[in-house]
Amino acid sequence: MELVKKGAEADIYTSIWNNFKTIMKIRKPKNYRNPTLDKNLRKQRTIRESQTLMEVKSFGIPTPLVYFVNLRDSSIIMQRIPGKPIHDLPNSKIISLSRQMGNHVGLLHKNGIMHGDLTTSNFILFQDKVYVIDFGLSQKTIKPEDHAVDLRLIKEILNSAHASIMEESWKNFLSGYRNVVGSTTYSKIIKLVSEIESRGRYATVV
Ligand SMILES: Nc1ncnc2c1ncn2[C@@H]1O[C@H](COP(=O)(O)OP(=O)(O)O)[C@@H](O)[C@H]1O
Ligand SMILES: [Mg+2]
């Protein structure tokens, strides 16, 4: 096993499991949390992540296959998608793939799922398909306010990590999103995104 990423929440290892190229995602204990609470939280997120990875496949969203879940140490062994995170691609690619990202997020929302951590590192491009990962904070919700929170986050990421292409990417993302959810839902959610943004601005002034 080779450690490839030490994240804030989990460590990521690459490995081979029964001849398959795999990723092991393990949520390490956090000693600043109460131990019982910590164990439950890691377990809950591991369950949520593995369930959602599998569930959203039926909506047509590409995700890694889940091979093995261990709730004792909060680890998941899943298919390794041997592509690149959208975050690391050239600008022109990010712009054109934003539509597919928007499509996927629209499909999630239409099926009552909020991703909870929409960043450009949580989409992986492999063989012209965009895979979605990192579902530990996902929630089952049909509340437009929750869906707006998802959009607000990815918009913020585009703004900060991809500032020079923000406008074009966001336009494509929204176009992909609207195609899936329809224009009525789209308008409602966009209004809520603006509301969240104006609250944010107000909060920073005070
Ligand atoms: N199934 C996978 N296939 C390929 N790369 C992956 C896979 N899962 C995670 N990664 C890589 O590891 C990184 C971190 O994994 P992620 O599940 O997003 O955890 P974190 O909660 O730390 O963000 C991803 O951005 C991606 O680069
Ligand atoms: Mg991630």
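Just so we're clear, the structure is a prediction, and the values are computed from it rather than from any experiment.

Draft legend 1. A look at the overall build of the chain. The helix and strand tally for the chain stands at 5 helices and 10 strands. Against the compact-globule benchmark of 17 Å for 206 residues, the chain has a radius of gyration of 17 Å, which places it among compact chains. Along the first, second and third principal axes, the C-alpha atoms of the chain reach 45 × 40 × 30 Å. Residue burial in the chain is summarised as follows: out of 206 residues, 46% are buried.

Draft legend 2. Just the site of ligand 1, in detail. The environment of ligand 1 is formed by 15 residues, the closest being Lys-25, Gln-79, Ile-81, Asn-122 and Asp-134. Between ligand 1 and the protein, one listed contact pairs a nitrogen atom with a backbone N or O atom of Gln-79 at 2.9 Å. Asp-134 has a polar side-chain atom sitting 2.9 Å from an oxygen atom of ligand 1. Among the elements of the structure, β3 (20-27) and β5 (75-79) are those that each provide at least two residues to the shell around ligand 1.

Draft legend 3. Summary view of the coordination of the magnesium ion (ligand 2). Around the magnesium ion (ligand 2), the donor atoms from the protein are Asn-122 (OD1) and Asp-134 (OD), and they sit 2.1 to 2.2 Å away. In this pair, Asn-122 is assigned in the loop between β7 (113-114) and β8 (123-126) and Asp-134 in the loop between β9 (129-132) and β10 (139-140), connecting sequence segments 12 residues apart. Exposure remark for Asn-122: the relative accessible area of 7% places this residue in the buried category.

Draft legend 4. Structural detail: the sheet that holds β3. Here we have 5 strands laid out as an open sheet, ordered β1-β2-β3-β5-β4, and antiparallel in their pairing. Two strands lie at the open edges of the sheet, namely β1 (2-6) and β4 (66-70), each paired on one side alone. Strand-to-strand twist of the sheet, defined as the mean angle between neighbouring strand axes without regard to direction, takes the value 20°. The pairing of β4 with β5 spans 4 bridges and is antiparallel. Counted as the bridge partner of Val-66 is Met-78 from β5.

Draft legend 5. Fine view of the nonpolar core. Ile-86, Phe-123, Leu-151, Trp-170 and Phe-173 are the most contacted members of the largest nonpolar core, which totals 40 residues. There are two domains that each give this core at least three residues, and those are domain 1 (2-79) and domain 2 (84-205). Beyond its immediate stretch of four places on either side in the chain, Phe-173 contacts Ser-98, Arg-99, Met-101, Gly-102, Val-105, Leu-151 and Ile-154.

Draft legend 6. Quick peek at unusual backbone geometry. Even without a glycine there, the phi angle at Asn-18 is positive, about 50°. One can find Asn-18 in the loop between β2 (10-17) and β3. A relative accessible area of 58% places Asn-18 in the exposed class. The phi dihedral of Ser-74 is positive, around 50°, even though this residue is not glycine. Within the secondary structure, Ser-74 sits in the loop between β4 and β5.

Draft legend 7. Geometry of the sheet that holds β9. Spatial strand order, β6-β8-β9: 3 strands in an open sheet with antiparallel pairing. At either margin of the open sheet sits one strand with a lone partner, and together these are β6 (84-85) and β9.

What counts, and at which threshold
Residues numbered from 1 in each chain as written. Chains lettered and ligands numbered in written order. Predicted model: local features only at pLDDT ≥ 70, side-chain atom pairs only at ≥ 80, totals over all residues. Heavy atoms only, no water. Helix = DSSP H or I, 4+ residues; strand = E, 2+ residues; numbered from the N terminus. Rg over C-alpha atoms; globule rule 2.2 N^0.38 Å. Buried < 20%, exposed > 50% of the residue type's maximum accessible area, 1.4 Å probe, protein only. Near = heavy atom within 4 Å. Polar contact = N/O pair within 3.5 Å; in protein donor to acceptor, adjacent residues only side chain to side chain. Donors = N, O, S within 2.8 Å, 3.2 Å for Na, K, Ca; no water. Pairing = 2+ DSSP bridges. Axes fitted to C-alpha atoms, helices over the stretch in contact; angles between N-to-C directions. Core = buried A, V, L, I, M, F, W, Y, C linked by side-chain atoms within 4.5 Å. Domains from an automatic or database assignment. Contact = heavy atoms within 4.5 Å.

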